[in-house]
Amino acid sequence: MALRQEMAKSLLKTSSLSGRTKLLHQTGLSLYSTSHGFCEEEVKKKLQQFPGGSIDLQKDDSGIGILTLNNPRKMNAFSGVMMLQLLEKVIELENWTEGKGLIVRGAKNTFSSGSDLNAVKSLGTPEDGMAVCMFMQNTLTRFMRLPLISVALVQGWALGGGAEFTTACDFRLMTPESKIRFVHKEMGIIPSWGGTTRLVEIIGSRQALKVLSGALKLDSKYALHIGMVEEVLQSSDETKSLEEAQEWLKQFIQGPPEVIRALKKSVCSGRELYLEEALQNERDLLGTVWGGPANLEAIAKKGKFNK
């Protein structure tokens, strides 16, 4: 009996691992599908009814992209159309093979105030809420898995869904006067774009519970103290802080795109997969760079490192 139970557990685990690996590494796959009661096209039609703002993407030859949440009239709140555009930009970034890094920022020196309340009021049923939840979780999970090292540049306020978006980035930088606040409790809901799950990973369950249940205003000093952000920048000026963020990011993306991208993929698998599956994936990723141009050039130039 015990042997059969162990065999069943092993079979279940193997099946689950295979699915997890497929989900993680096949471009374009999402968390939710029709098997979960999610119909993407129907959700898109509903979101299309709420225009306003845009998601702008600039891709530089240096390999750094800048994704701008652009709806300053509403503190860069996400309209339905912006949610759709975010998915489009994620798909574009998935196919940007020369890319190495990405900075996410808001227009006019503030990050984002979350969802546009006009859309929230109109999508008032639990079914509507869960559908948008699945759409945004799909999008931000694909964003998180991009083979780019991503940084949220928090200027001004990051509220609600805006705060959740920062957690989908690999790193967060704040300007001195900026604040992050998960206001969901005061709206009678909980985070629904994956923010809770990611926040627990970033700062731990105890701190996450304090931040969420207290709807705490995280100024730059406190956010740095609890490990929410990597660094507080010197300037609060929109242009200068962007320049600072670019310089900060450059230290982590020096090198060929194929190496940086393989590193990011390997870290993603280490975070999301079981040990043996993550190790196998690390092996496969190594095969894409070992003996490649960057590897051979480094060996020819430097030999073994002595420092």
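Now for a quick tour of the structure. Just so it is clear, the model here is predicted, and its values are computed rather than measured.

1. Things to note about the sheet that holds strand S7 (residues 179-181)
Within a beta sheet, neighbouring strands are joined by backbone hydrogen bonds and run either parallel or antiparallel to one another.
Okay, so step 1: Strand order across the open sheet formed by 3 strands is S5-S7-S8, with mixed pairing between neighbours. The strands lining the two open edges of the sheet, one partner per strand, are strand S5 (157-159) and strand S8 (217-219). On average, each strand axis in the sheet is tilted by 15° relative to the strand beside it, whichever way the strands run.
Okay, so step 2: As paired elements, S7 and S8 share 3 bridges and run antiparallel to each other. By the bridge assignment for S8, Ile180 is matched with Leu218.

2. Considering the sheet that holds strand S6 (residues 171-174)
Okay, so step 1: Within the open sheet, the 6 strands sit side by side as S1-S2-S3-S4-S6-S9. Their pairing is mixed. The sheet terminates laterally at strand S1 (54-59) and strand S9 (231-232), the two strands that pair on one side only.
Okay, so step 2: Here 4 bridges tie strand S3 (residues 101-106) to strand S4 (residues 149-154), and the two strands are oriented parallel to one another. Note that in S4 the partner of Leu102 across the bridge is Ser150.
Okay, so step 3: In this fold helix H10 (residues 238-250) packs onto strand S2 (64-70), S3, S4, S6 and S9, with an angle of close to 160° to the strand it touches most, S3.

3. Topic: the pattern of salt bridges
Okay, so step 1: Applying the stated criterion to the full structure yields 15 salt bridges.
Okay, so step 2: With a closest N to O distance of 3.8 Å, Glu41 and Lys44 form a salt bridge. Highlighted residues: Glu41 and Lys44, both in helix H2 (residues 40-47), separated by 3 residues, approximately one helical turn.
Okay, so step 3: Taking relative accessible area as the criterion, Lys44 reaches 24% and is therefore assigned partly exposed.
Okay, so step 4: For the salt bridge of Asp128 with Lys46, the shortest nitrogen-to-oxygen distance reads 2.7 Å. With Asp128 in helix H5 (residues 126-144) and Lys46 in helix H2, this residue pair connects regions lying 82 residues apart in the sequence.
Okay, so step 5: Residues joined in a network through salt bridges with shared partners are Arg145, Glu201, Arg271 and Glu272.

4. Digging into the packing of aromatic side chains
Okay, so step 1: Scanning the model with the defined rule gives 7 aromatic pairs in all.
Okay, so step 2: Judged by centre distance (6.1 Å) and plane angle (55°), the ring pair of Phe78 and Phe165 falls under tilted. Residue Phe78 is found in the loop between S2 and helix H3 (80-94), and its partner Phe165 is found in helix H6 (residues 161-167); the two are separated by 87 residues along the sequence. Neither Phe78 nor Phe165 differs from the other in exposure class; each is buried.

5. Comments concerning the nonpolar core
Generally speaking, a soluble globular protein has its nonpolar side chains buried in company with each other.
Okay, so step 1: By size, the foremost hydrophobic cluster in this structure holds 52 residues, and its most contacted members are Phe143, Phe165, Ile180 and Met228.
Okay, so step 2: With residues near it in sequence (within four places) discarded, Met228 still touches Thr166, Thr167, Arg172, Ile180, Phe182, Leu199, Ile202, Ile203, Leu218 and Ala223.
Okay, so step 3: Ile103, Leu233, Leu242 and Ile260 belong to the second largest nonpolar core, which has 14 residues in total.

Conventions and cut-offs
- Residues numbered from 1 in each chain as written.
- Predicted model: local features only at pLDDT ≥ 70, side-chain atom pairs only at ≥ 80, totals over all residues.
- Heavy atoms only, no water.
- Pairing = 2+ DSSP bridges.
- Helix = DSSP H or I, 4+ residues; strand = E, 2+ residues; numbered from the N terminus.
- Axes fitted to C-alpha atoms, helices over the stretch in contact; angles between N-to-C directions.
- Contact = heavy atoms within 4.5 Å.
- Salt bridge = Lys/Arg side-chain N within 4 Å of Asp/Glu carboxyl O.
- Buried < 20%, exposed > 50% of the residue type's maximum accessible area, 1.4 Å probe, protein only.
- Phe/Tyr/Trp six-rings, centres within 6.5 Å; stacked < 30°, edge-to-face > 60°.
- Core = buried A, V, L, I, M, F, W, Y, C linked by side-chain atoms within 4.5 Å.

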